[in-house]
Amino acid sequence: MITAVAAPLNLHNLQTIGELEAAVHVCRRCRLGKARSCAVPGDGPAPCDILLVGEGPGEAEDKQGVSFVGRSGRLLREKLVELGQLDPGAIYWTNMVKCRSFAIEPSGKKKDDPPHPDCIRICRPYLDAQIRLVAPRAVVVVGSTACTHLLGRPIAQCAGSLVYDQVIKRYYLPLIHPAAAVCSEDYMDMFLGGMRGIRYFLDVHPEIRREAAAYAVAAGA
Ligand code: SF4
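The residue numbers shown here count from 1 along each chain, following its written sequence. pLDDT decides what is reported in this predicted model: residues at 70 or higher carry local features, side-chain atom pairs at 80 or more are listed and counted, and totals for whole chains, interfaces and linings draw on all residues regardless. The side-chain figures draw on all heavy atoms in the structure; neither hydrogens nor water molecules are used.

## Let's talk about the sheet that holds strand S1 (residues 50-54)
A pair of strands is labelled paired if DSSP reports no fewer than 2 bridges between them. Only DSSP runs of H or I reaching four residues or more are called helices, and only runs of E reaching two or more are called strands; each is numbered from the N terminus. Spatial strand order, S2-S1-S5-S7-S6: 5 strands in an open sheet with mixed pairing. Only two strands of the sheet have a single partner each, and these edge strands are strand S2 (91-95) and strand S6 (163-165). Neighbour-to-neighbour, the strand axes of this sheet turn through a mean angle of 25°, independent of strand direction. Here strand S5 (residues 138-142) pairs with strand S7 (residues 170-175) via 5 bridges, running parallel. By the bridge assignment for S7, Ala 138 is matched with Tyr 171. Relative to the sheet, helix H5 (residues 117-134) contacts S1, S2 and S7, its axis offset from that of S2 by approximately 170°. For every element, the axis is a line fit to its C-alpha atoms; helices are fit only across the contacting stretch, and the angle between N-to-C directions ranges from 0 to 180 degrees. Working rule for contacts: check all heavy atoms of both residues, and any pair within 4.5 Å makes them a contact.

Below is the structure:
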């Protein structure tokens, strides 16, 4: 499919996460915007110390306009509490693209489909602006698409490891996508290992856990 070339998006003048989320809600810059039910900009406190980024909204997110509320998202939230000992309300949740990418099956049913690289490229300024406004110390990178585009390497090579960007002084924690984990015991082991890695990282950096908890309390989570 041919995607129309969009002019570069300049979001440097946006000062708040609310302004950015409002811009996403009216965006139609790539083909995903024309087929969505709801745009899903992101959810959570800003600024905060942990930002989590996945591939894109699924069916439940597209219906509700809220990030990570489908089956995979619920598993992710549950394991963050159980194994990461982290309050999901203390995290800013978002995706590489803010609108659902899907294909139509022969039965006519919509099926989630990885977003085209053109859509990821066109949408990327929104994520960059979110990272600027949320200013996280650590970014949890969920799944293959986010890992490839943010870290430039396959998730299988770095899941569960810790990547530190010395220039911007930010940690990246790559994590197997929960949708892959529920389909394979090996991936589930890697997913759970990644969760334990997040917990270990937070234990080594207690200031991040403490401040993340404070954001959750302030937000009424
Ligand atoms: S996916 Fe991103 S660039 Fe495409 S329409 Fe949605 S918000 Fe706009």
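## Some remarks on unusual backbone geometry
Here Ala 46 and Pro 47 are connected by a cis peptide whose omega angle stands at 0°. Here Pro 47 is to be found in the loop between helix H2 (32-35) and S1. One non-glycine residue, Phe 68, adopts positive backbone phi at about 55°. A positive phi angle is found at Gln 85, which is not glycine, with a value near 50°. Mapped onto the elements, Gln 85 comes out in the loop between helix H4 (71-82) and S2. When accessible area is computed with a 1.4 Å probe and restricted to protein chains, residues below 20% of their type maximum are described as buried, those above 50% as exposed, and intermediate ones as partly exposed. Here Gln 85 falls in the partly exposed class, since its relative accessible area comes to 41%.

## So, the packing of H5 against helix H6 (residues 144-151)
It is at 13 Å that the axes of H5 and H6 come closest, and there the two elements cross at 75°. When the interaxial angle is binned, H5 and H6 end up roughly perpendicular. In this structure, H5 uses Ile 120, Arg 124 and Leu 127 to contact H6, whose residues at the interface are Thr 145, His 149 and Leu 150. Residue composition of the contact of H5 with H6, by class: 3 nonpolar, 2 polar and 1 charged. The scheme is simple: roughly parallel for angles under 35 degrees, roughly antiparallel for over 145, roughly perpendicular for 65 to 115, oblique for anything else. The classification used treats Ala, Val, Leu, Ile, Met, Phe, Trp, Tyr, Cys and Pro as nonpolar, Asp, Glu, Lys and Arg as charged, and all other residues, Gly among them, as polar.

## Focus: H4
Between the first and last residue of a helix there are one fewer steps than residues, each counted as 1.5 Å, and that sum is the expected span. When the terminal C-alpha atoms of H4 are compared, their 16 Å separation across 12 residues agrees well with the 16 Å that a helix rising 1.5 Å per residue should span. Inspection of H4 places Gly 73, Leu 75, Leu 76, Lys 79 and Leu 80 among the buried residues, and these make up the whole buried set. Along the axis of H4, the buried residues cluster in a sector spanning 160°; they form a single face. Exposed positions of H4 whose direction lies more than 90 degrees from the buried face are Arg 71 and Arg 74. Looking at the buried positions of H4, the neighbouring elements they touch are S1, S2, S5, S7, helix H8 (178-181) and helix H9 (185-204). Each C-beta atom gives one direction from the helix axis, and the arc is the one those directions make.

## Some thoughts on the side chain of Lys 98
Tracing the chain through its elements places Lys 98 in the loop between S2 and strand S3 (102-104). In this tally, Asp and Glu contribute negative charge and Lys and Arg positive charge; neither His nor the terminal groups of the chain are included. Counted as salt bridges are all cases of a side-chain nitrogen of Lys or Arg within 4 Å of a carboxyl oxygen of Asp or Glu. For the buried Lys 98, which has no salt bridge, the nearest side chain bearing the opposite charge is Asp 128, at an N-O separation of 8.9 Å. We call two N or O atoms a polar contact when they sit within 3.5 Å, provided that within protein one can donate a hydrogen and the other can accept it, with sequence-adjacent residues counted only if both atoms are side-chain atoms. A distance of 2.7 Å separates a polar atom in the side chain of Lys 98 from a polar atom in the side chain of Gln 130. If sequence neighbours within four positions are ignored, Lys 98 has contacts with Val 24, Ala 39, Val 40, Pro 41, Pro 57, Cys 123, Tyr 126, Leu 127 and Gln 130.

## Details of the nonpolar core
Generally speaking, soluble globular proteins have nonpolar side chains that are buried together. In this text, buried Ala, Val, Leu, Ile, Met, Phe, Trp, Tyr and Cys residues form a nonpolar core when linked through side-chain atoms within 4.5 Å. By size, the foremost hydrophobic cluster in this structure holds 61 residues, and its most contacted members are Leu 52, Leu 76 and Phe 191. Sequence-distant contacts of Phe 191, defined by excluding residues within four places in its chain, comprise Leu 75, Leu 76, Lys 79, Leu 175, Ile 176, Pro 178 and Ala 181.

## What about H9?
With 20 residues, H9 ought to run about 28 Å at 1.5 Å a step, and its terminal C-alpha atoms sit 28 Å apart, in line with that. Within the span of H9, buried status applies to Phe 191, Leu 192, Gly 194, Met 195, Ile 198, Phe 201 and Leu 202. The opening residue of H9 is Ser 184, an N-cap whose side-chain oxygen sits 3.3 Å from the backbone nitrogen of Asp 186.

## Quick word on the side chain of Glu 21
With respect to the helices, strands and loops of the structure, Glu 21 is situated in helix H1 (residues 17-25). Buried within the structure, Glu 21 lacks any salt-bridge partner; Lys 98 is the closest side chain of opposite charge, at an N-O distance of 9.2 Å. Dropping the residues within four chain positions of it, Glu 21 is found in contact with Pro 41, Gly 42 and Tyr 92.

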